[in-house]
Amino acid sequence: MNRLDFHPVLVRLPYLLGGVWITILIAALAFGLGLSLAVLLVVVRFENRGVWRRMSRGYSTALTNTPQLSQIFAVFYCLPLMGVMVSPFLSVVIGMTLNAAAYLADILGAGMSRVPSVYHEVALTLGLNRRQTYLRVILPHVGRTMFPALANHFQIMILGSAMASIFGVEDLTGRAYDIGSTTFRILEVMLVTGALYAVLSFALAGIFMLCRRGLERMV
Amino acid sequence: MPYIDVRDVCVRHGKTETLRDVGFTAERGEIVSFIGPSGSGKTTLLRTLIGLQSVECGRMTVDGRMVNMSEPGSAKVLRAQAAIVFQQFGLFGHMSVLRNLTLAPTVVAKRTHREAEHEAHELLEKLGLADKANVLPDDLSGGQKQRVAIARALMLRPALLLLDEPTSALDPRKVQEVSSLLRDLARDGMTIIQVSHAMGVVASLSDRIVLLEAGHVRALGHGRGQASQTPDIAAFMNTHSDDPESGASAGGSPQGFREPQF
């Protein structure tokens, strides 16, 4: 077996690091859009009975019990069949958004069920309407209490965004494959890429911890 | 015509009749206390007065304006004139004390932040909480939370203030301060209705006392030293003056319940 040689990988490090931004962009877009969709799903779940609530729950059940990769493939191939041409990058973002919404709706739902029931009555007697109650009272409370779980899911999405490489997106993993195929130093490039994911993940954990402390101080 | 005239309130939970033909009156600036054993419907009655409880029948006249409490939409009318302090306080845990106080005035009443914050600081000062404005509710003691909840209700400038056990979490000195505040508010024309087990406070603070039993009014009487003139009320207050929640000791007066001097 040949010795490990990192030199061909390290000289291409700036190119590899460029993929970090694509990885962050994919995860951030999918998380932001997924969170917005999750808020809608969870409000529907808590404000409605019957078919709307069942549809919201069914959505989460369906998407949390099937592989995310299948979901991205479905978006990647189905949208063109419907006449909508989207780039691989956008297909991945949409696929990950749909998946994130299902998980985030469950996280927010768990937070909603922990909101003290008296909050709704207090909000009513203070004169807040439903929209104001959600925007000013319920969702900020849920966001604060569920922040660790939400932050954790974002980190999972950063790692999960590696699937974008399968669709030809030049994220961190995509660029790693690219370097590996030209240098034939697959193991070395994957070790370096793994280390970069770990650094990214630790950095995010640190940022989220600071955010959490900030949230606790922010009154 | 009384300022507040509540008549024929009926509330049903399934087959159980929680309130039956309940009625009472109050003049502007009076303090009315609901007393009675647990499960007698005191809190339910308080909730009907602010439209949180659906009622089968009942009407309420406030300052000559009649509200049919069983009609849809009546809750909004009731809430427009009243504020309530819940027994569990219901302070929003993710907001500072100051934001808890200014939320409704700025978001609902559209008052400016500066004006609302000025009023909130004044109220907090009056309630001995001047240094707690930027604190989260979780960092407050039970008594402090209770006073913040009262301050939040007062920020709505209600004509009718409803209080569910307003002194239950307070130490004797704070009971005196809150009672004194309630008296001042009543003197300024606010009508106050409270549910309380603190017989000493009820006796000294109330202009009227309503004794509820099994969902109906057992007796109507007067406070401020006259509680003993209504036998049922005097008997109830005597038997409950040893209650650790009552805020009064049994040996304070010949009637058993002590009437604190504020």
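Everything quoted here is computed from the prediction, not taken from an experiment. (Residues numbered from 1 in each chain as written. Chains lettered and ligands numbered in written order. Predicted model: local features only at pLDDT ≥ 70, side-chain atom pairs only at ≥ 80, totals over all residues.)

Participant: Honestly, the overall build of chain A in this entry has me stumped. Any pointers?
Facilitator: Secondary structure assignment for chain A yields ten helices and zero strands. For chain A, the succession of helices and strands along the chain, N to C, is α-α-α-α-α-α-α-α-α-α. A principal-axis box enclosing the C-alpha atoms of chain A has dimensions of 75 × 45 × 25 Å. Counting every position in chain A, which comprises 219 residues, the buried fraction comes to 32%. The contacts of chain A with a sequence gap of at least 6 include a subset with a gap of at least 24, amounting to 78%. (Helix = DSSP H or I, 4+ residues; strand = E, 2+ residues; numbered from the N terminus. Buried ≥ 20, exposed ≤ 12 C-beta atoms within 10 Å, placed from the backbone. Contact = placed C-beta atoms within 7 Å.)

Participant: How should I be thinking about unusual backbone geometry in this particular structure?
Facilitator: What is expected of a backbone is that most residues other than glycine have negative phi and most peptide bonds are trans. All names here are of chain B. Here the phi dihedral of Asp63 falls at roughly 50°; this positive angle occurs in a residue that is not glycine. With respect to the secondary-structure elements, Asp63 resides in the loop between strand E4 (57-62) and strand E5 (65-68). Even without being glycine, Phe89 reaches a positive phi, approximately 70°. Classification of Phe89 as buried rests on a count of 23 C-beta atoms within 10 Å.

Participant: Help me understand the interface of chain A and chain B in this model?
Facilitator: Across the boundary between the two partners, chain A contributes 17 residues, which contact 20 residues of chain B. Every element with two or more residues in the side of chain A that touches chain B is listed here: helix H6 (117-126) and helix H7 (130-145) of chain A. Tallied by class, residues from the side of chain A that touches chain B come to ten nonpolar, four polar and three charged. (Nonpolar A, V, L, I, M, F, W, Y, C, P; charged D, E, K, R; others polar.)

Participant: Looking at this structure, I do not really get the UniProt feature "domain: ABC transmembrane type-1" (unreviewed entry) in chain A. What am I missing?
Facilitator: With numbering matched to this structure, UniProt assigns "domain: ABC transmembrane type-1" (unreviewed entry) to residues 20-208 of chain A. A helix fraction of 83% and a strand fraction of 0% characterise residues 20-208 of chain A, whose end C-alpha atoms lie 18 Å from each other. (UniProt positions renumbered as here; feature names shortened; annotations may be inferred.)

Participant: Sorry, what's going on with the packing of helix H5 (residues 88-113) of chain A against H7(A) here?
Facilitator: Packed helix pairs are specified by the crossing angle of their axes together with the interaxial distance, meaning the distance between the axes. Residue and element names in this part refer to chain A. Two elements in contact, H5 and H7, have axes whose closest approach is 9 Å; the angle formed by their N-to-C orientations is 110°. Viewed along their axes, H5 and H7 adopt a mutual orientation that is roughly perpendicular. Taking contact as the criterion, the partners of Leu108, Gly111 and Met112 in H5 are, on H7, Ile138, Val142 and Thr145. The residue makeup of the contact of H5 with H7, split by class, is four nonpolar, two polar and no charged. (Axes fitted to C-alpha atoms, helices over the stretch in contact; angles between N-to-C directions. Parallel < 35°, antiparallel > 145°, perpendicular 65-115°, else oblique.)

Participant: Help me out: how do you make sense of helix H5 (residues 142-154) of chain B in this one?
Facilitator: Since the α-helix packs 3.6 residues into each turn, any two residues three or four apart lie on the same face. All names here are of chain B. Compared with an ideal rise of 1.5 Å per residue, which puts 13 residues at 18 Å, H5 spans 19 Å between its outermost C-alpha atoms and is within 8% of the ideal. By the criterion of burial, H5 is predominantly enclosed, with eleven of the 13 residues buried. Of all the residues in H5, the buried ones are Gln144, Lys145, Gln146, Arg147, Val148, Ala149, Ile150, Ala151, Arg152, Ala153 and Leu154. Its buried side turned inward, H5 meets strand E6 (82-85), helix H3 (97-107), helix H4 (113-126), strand E7 (160-164) and helix H6 (172-187). (Expected span 1.5 Å × (residues − 1).)

Participant: What am I meant to see in the confidence of the model for chain B here?
Facilitator: Residues and elements named next belong to chain B. On average, residues of chain B score 85 in pLDDT, and 91% of them reach the 70 mark or higher. In this model residues 244-262 is a low-confidence stretch, pLDDT under 50, and it forms 52 contacts with partners more than four residues away in sequence or in other chains. The ipTM, which scores confidence in the relative placement of chains, is 0.83 for this predicted complex, and the corresponding pTM is 0.80. (pLDDT = per-residue confidence, 0-100.)

Participant: What am I meant to see in the UniProt feature "transmembrane region" (unreviewed entry) in chain A here?
Facilitator: Residues and elements named next belong to chain A. Per the UniProt entry, the sites bearing "transmembrane region" (unreviewed entry) are residues 20-44, 72-94, 100-128, 149-169 and 189-211 in this numbering. Taken end to end, residues 72-94 is 74% helix and 0% strand, and its first and last C-alpha atoms sit 8 Å apart. Counted over residues 100-128, helix gives 83% and strand 0%. Its end C-alpha atoms are 30 Å apart.

Participant: Can you help me understand the nonpolar core in this one?
Facilitator: Within soluble globular proteins, side chains that are nonpolar tend to cluster in buried spots. Among the nonpolar cores identified, the biggest contains 113 residues, and B:Ala151, B:Ala153 and B:Leu162 are the most heavily contacted of them. Sort the elements by how many residues they give to this core and H5(A) lands first, with 13 residues. Filtering out sequence-adjacent residues up to four positions away, B:Ala151 remains in contact with B:Leu101, B:Leu123, B:Leu124 and B:Leu127. A:Val9, A:Leu172, A:Ala176 and A:Val189 belong to the second-largest nonpolar core, a separate cluster that totals five residues. (Core = buried A, V, L, I, M, F, W, Y, C linked by C-beta atoms within 7 Å.)

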